[in-house]
Amino acid sequence: MQLSVIILNYNVRYFLEQCVLSVQKALENIDSEIIVVDNFSTDGSCAMMKQRFPNVKLIENKANLGFPKGNNIGVAEAKGKYLCILNPDTVVAEDTFEKILRFAESKTDLGIVGCKLIDGTGNFLPECKRGVPTPWVAFTKIFGLYKLFPKSSLFNKYYAQHLSENETGKVDILVGAFMIMKRDLYLQVGGFDENCFMYSDDIDLSYLVLKSGKSNYYFHETSVIHYKGESTVRDGTYMKRFREAMQFFYKKHFGGSFVFDVLMRMGAFAFALLKKNQQKQVVYDVSEYVLISSDETLKNKLENQLQKKITRLADIDENLLFSQAKSPEKHLEILLDNNNVTFKAIIAFLERFKNKGFTFKIIPESSFFFIGSNNSNDRGEIIEIA
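A quick note: this is a predicted structure, and the numbers were derived from the prediction, not measured.

## Details of the overall build of the protein
So, point 1. Scanning the protein from terminus to terminus reveals 12 helices and 15 strands.
So, point 2. When each of the 386 residues of the protein is scored for burial, the buried share is 55%.
So, point 3. The long-range share in the protein, meaning contacts at least 24 apart out of those at least 6 apart in sequence, stands at 76%.

## Considering the pattern of salt bridges
So, point 1. Under the defined criterion, the tally for this structure stands at 19 salt bridges.
So, point 2. With its nearest N and O atoms 2.6 Å apart, the salt bridge here joins Arg-52 to Glu-17. With Arg-52 in helix H2 (residues 45-52) and Glu-17 in helix H1 (residues 13-26), the pair connects residues that are 35 residues apart, well separated along the chain.
So, point 3. Residue classification places Arg-52 among the partly exposed residues on the basis of a relative accessible area of 24%.
So, point 4. Between Asp-285 and Lys-308 there is a salt bridge, with its nearest N and O atoms 3.8 Å apart. A residue pair is termed long-range when its members are at least 10 positions apart, and Asp-285 in the loop between helix H10 (258-278) and strand S10 (288-292) and Lys-308 in the loop between helix H11 (296-306) and strand S11 (309-313) qualify at 23 residues.

## As for unusual backbone geometry
So, point 1. With phi around 65°, Phe-40 is a residue other than glycine that occupies positive phi space.
So, point 2. Along the polypeptide, Phe-40 turns up in the loop between strand S2 (32-38) and H2.
So, point 3. Residue Phe-40 is classed as partly exposed on the basis of its relative accessible area, which comes to 45%.
So, point 4. Of note, the phi angle at Gln-307 is positive, near 55°, even though the residue is not glycine.
So, point 5. One can find Gln-307 in the loop between H11 and S11.

## Describing H2
Three- or four-residue spacings in an α-helix give side chains the same orientation, since the helix completes a turn every 3.6 residues.
So, point 1. Buried within H2 are the following residues: Ser-45, Cys-46, Met-48 and Met-49. Down the axis, H2 shows its buried residues gathered within 160° of arc, on one side only. Away from its buried face by more than 90 degrees, H2 exposes Ala-47 and Gln-51.
So, point 2. Lining the buried residues of H2 we find strand S1 (3-9), H1, S2 and strand S3 (57-60).

## As for a nonpolar patch on the surface
So, point 1. Taken together, the side chains of Trp-136, Phe-139, Phe-143 and Leu-154 present a nonpolar region at the surface, about 420 Å² in accessible area.
So, point 2. With respect to the helices, strands and loops of the structure, Phe-139 is situated in helix H5 (residues 135-142).
So, point 3. Judged by its relative accessible area of 36%, Phe-139 is partly exposed.

## Some points on the environment of Asn-338
So, point 1. Counting through the fold element by element, Asn-338 comes out in the loop between strand S12 (332-337) and helix H12 (343-352).
So, point 2. Distance in space between the C-alpha atoms of Asn-338 and Ile-292 is 9.1 Å, their sequence separation being 46 residues.
So, point 3. Residue contacts for Asn-338: discarding those within four places in its chain leaves Leu-21, Lys-25, Phe-343, Ile-346, Ile-362, Ile-363, Pro-364 and Glu-365.

Rules behind the numbers
- Residues numbered from 1 in each chain as written.
- Predicted model: local features only at pLDDT ≥ 70, side-chain atom pairs only at ≥ 80, totals over all residues.
- Heavy atoms only, no water.
- Helix = DSSP H or I, 4+ residues; strand = E, 2+ residues; numbered from the N terminus.
- Buried < 20%, exposed > 50% of the residue type's maximum accessible area, 1.4 Å probe, protein only.
- Contact = heavy atoms within 4.5 Å.
- Salt bridge = Lys/Arg side-chain N within 4 Å of Asp/Glu carboxyl O.
- Arc of directions from axis to C-beta.
- Patch = residues over 30% accessible without salt bridge, like charges linked within 9 Å, V, L, I, M, F, W, Y side chains within 5 Å.
- Areas by Shrake-Rupley, 256 points an atom, 1.4 Å probe, with all protein chains shown as cover.

Set out below in structure tokens:
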């Protein structure tokens, strides 16, 4: 078997449904398997999986065991030469795995491969390629020095700015939302460290792979949507776990004197506070919708339910509407029907029309909801179609 895709889920039932659907489409030409590990969700995730994806292997944990242990449980059942660690709040293109596996097979020093990640608005997520967060690198991040000196190798390591988002190359750290590596290497370095509940586990695994003599790669030739933070509420518990995770990583790999430990505690606290304050739910009063679909019946159903004007376009490449001037008093939301439009085309559409004043939602194939996110720091939005 060539590839095992491990998806660890916790209370994101609708995002999981869309994710598994996109993965199934992307694996049609690959000898592969999908393993969903559920960390004791209470939102009907497991019932949905059994009903909609009965042929997908589902492991139901009896407690929330955290990110490292949950994924390790999935890997223990995997049979593929390669593993993909994948978040449930992601959407892959139909050719994502084929492209990355071809790239992986071309490398003799392969560690982990990550790819270009975008948020639900089509904007690039810089954390999909990073440097090792040494105390100095973390300092440049916390105080924004990487923004002031993006070309300086002294200041630009946090987001691996030696590579642009549209360049493939070696990086130190990849994000746990999307990682592909050989299963044998994963087992050789010990997988995710279960002493860390979440947050620094991907940094730790990436660093362990580097220490083993392998190279990690950022691959830009495919884009994956990562909505981010769907299973995380950035409250006091979040801040505590984030601080503990960063302290765990520093202590494990850099040791630490008393002074070093105090500095890292202060830095981790500041970083966690920054992350928490970024979460500001963006809600728009949608004036009208554009539905990209060939289904006129769906258009009428949504118009009746939403009580808003809906313009239907049968062709995703139709530009007439988007060439018109937009009014700042009105907000337009684009609904993309996956029954008629591929995930690859949807992802490209988000990238094409990012920052144009629109928001985007996807209607997954054979599903009765539309789903998306208006900001990379927010929890997403799901509206069921009656």
